[in-house]
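Listed here are the chains, written in short residue letters.
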Amino acid sequence: MVVILDYGIGNVFSIYNMIKKIGIAAEVTNDVTKVMQASKIILPGVGHFKYCMQQLRKEIFFDTLQERVLNNKIPVLGVCVGCQMLMETSEEGNEKGLGWIKGSVVRFKENELVQGQKIPHMAWTDVTPSKDCKLYDGIEEPRFYFSHSYHLAPAIEIQATATSIYGYPFTASVANNNIMGVQFHPEKSHRFGMKLYENFARLY
């Protein structure tokens, strides 16, 4: 069972609907028991990093989530701000992230953008994955939909599993063993996103 964490942030049902469409059992929940039973976990997130982290920490399942991911090594996928929350810190507020992946989240550098490009970055954009990232298996010429003003800055280069370009190259996804995150929105990315969620659901 793929569990999509419901902590009062974002339209989690768009993720749920896409996963159900590919025939994978999924549930949107904030129930501790369901988190304990999950075979995979998706951490969504939209909006402000600080607010998302504060809301997540309030949830009764928070300690269980830590146990399942860090000790039981259950695969987890962070999406958009959910991906940013995997990092240690963010320039979007002073709230600490989960720290499951070393590094930070930084705002796009306006002086390095191409003329006409604005913040936030809201567009379909090509993604170049690393050869060993299973999330992108079977996806030819991947393009995903992005909507963000901040991007990942992983401290360990090998943990960056894909890059994109918006003015300059930035990290589009990260991974540290069972912990994975994508800056873009697979649930808004049609067949590319559908295949990525299918790959995640079938890992291990």
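Since this is a predicted model, take the numbers as computed values, not measurements. (Residues numbered from 1 in each chain as written. Predicted model: local features only at pLDDT ≥ 70, side-chain atom pairs only at ≥ 80, totals over all residues. Heavy atoms only, no water.)

Attention shifts here to the environment of His-148. The residue His-148 is located in strand E9 (residues 143–148) in this model. For His-148, a relative accessible area of 5% corresponds to the buried category. Each C-alpha atom of the pair His-148 and Gln-183 lies 8.0 Å from the other, and the pair is 35 residues apart in sequence. Setting aside anything within four residues of it in sequence, one finds His-148 in contact with Phe-108, Pro-120, His-121, Phe-170 and Gln-183. A polar atom in the side chain of His-148 sits 2.7 Å from the backbone oxygen of Tyr-150. (Helix = DSSP H or I, 4+ residues; strand = E, 2+ residues; numbered from the N terminus. Buried < 20%, exposed > 50% of the residue type's maximum accessible area, 1.4 Å probe, protein only. Contact = heavy atoms within 4.5 Å. Polar contact = N/O pair within 3.5 Å; in protein donor to acceptor, adjacent residues only side chain to side chain.)

Applying the stated rule across the entire model yields five salt bridges. In this structure, the salt-bridge partner of Lys-102 is Glu-88, at a minimum N-O distance of 3.7 Å. Within this pair, whereas Lys-102 is found in the loop between strand E5 (89–90) and strand E6 (103–107), its partner Glu-88 is found in the loop between helix H5 (81–84) and E5, the two being separated by 14 residues in sequence. The exposure class assigned to Lys-102 is partly exposed, which follows from its relative accessible area of 43%. (Salt bridge = Lys/Arg side-chain N within 4 Å of Asp/Glu carboxyl O.)

Under the criterion given, the structure shown has 10 aromatic pairs. Ring geometry for Phe-144 versus Phe-184: centroids 4.0 Å apart, planes at 15°, classification stacked. Here Phe-144, found in strand E9, pairs with Phe-184, found in the loop between strand E13 (179–182) and helix H6 (190–201); they are 40 residues apart in sequence, far enough to count as distant. You'll find Phe-144 and Phe-184 in the same group, each marked buried. Site record: aromatic cluster; members linked through ring pairs are Phe-108, Trp-124, Tyr-136, Phe-144, Phe-146, Tyr-166, Tyr-168, Phe-170, Phe-184 and Phe-192. (Phe/Tyr/Trp six-rings, centres within 6.5 Å; stacked < 30°, edge-to-face > 60°.)

All right, on to the layout of surface pockets then. The computed volume of the largest pocket comes to approximately 300 Å³. What lines the largest pocket is a set of 15 residues, among which Asp-132, Cys-133, Thr-161, Ala-175 and Asn-177 lie closest to the centre. Mapped by element, the contributors of at least two residues to the lining of the largest pocket are strand E11 (160–166) and strand E12 (168–176). Each residue belonging to the lining of the largest pocket can be placed in one class, and the counts come to eight nonpolar, five polar and two charged. (1 Å grid on protein atoms, 1.4 Å probe; cavity = no way out; pocket = protein on both sides within 12 Å on 5 of 7 lines; lining within 4 Å. Points joined across faces, edges and corners; volume = space filled by probe spheres on them. Nonpolar A, V, L, I, M, F, W, Y, C, P; charged D, E, K, R; others polar.)

It is the contact of helix H1 (residues 12–21) with H6, at a shortest axis distance of 9 Å, that shows an interaxial angle of 75°. With respect to H6, the element H1 is oriented roughly perpendicular. Between H1 and H6, the residues in contact are Ile-15, Met-18, Ile-19 and Lys-21 and His-190, Gly-193, Met-194 and Tyr-197, respectively. A class-by-class count of the residues in the contact of H1 with H6 yields five nonpolar, two polar and one charged. (Axes fitted to C-alpha atoms, helices over the stretch in contact; angles between N-to-C directions. Parallel < 35°, antiparallel > 145°, perpendicular 65-115°, else oblique.)

The final tally for this structure, using the stated rule, is zero disulfides. Not part of a disulfide, Cys-80 finds its nearest cysteine sulfur in Cys-83, a span of 8.3 Å. The thiol of Cys-133 is not disulfide-bonded; the next cysteine sulfur, from Cys-83, is found 11 Å away. (Disulfide = S-S within 2.5 Å.)

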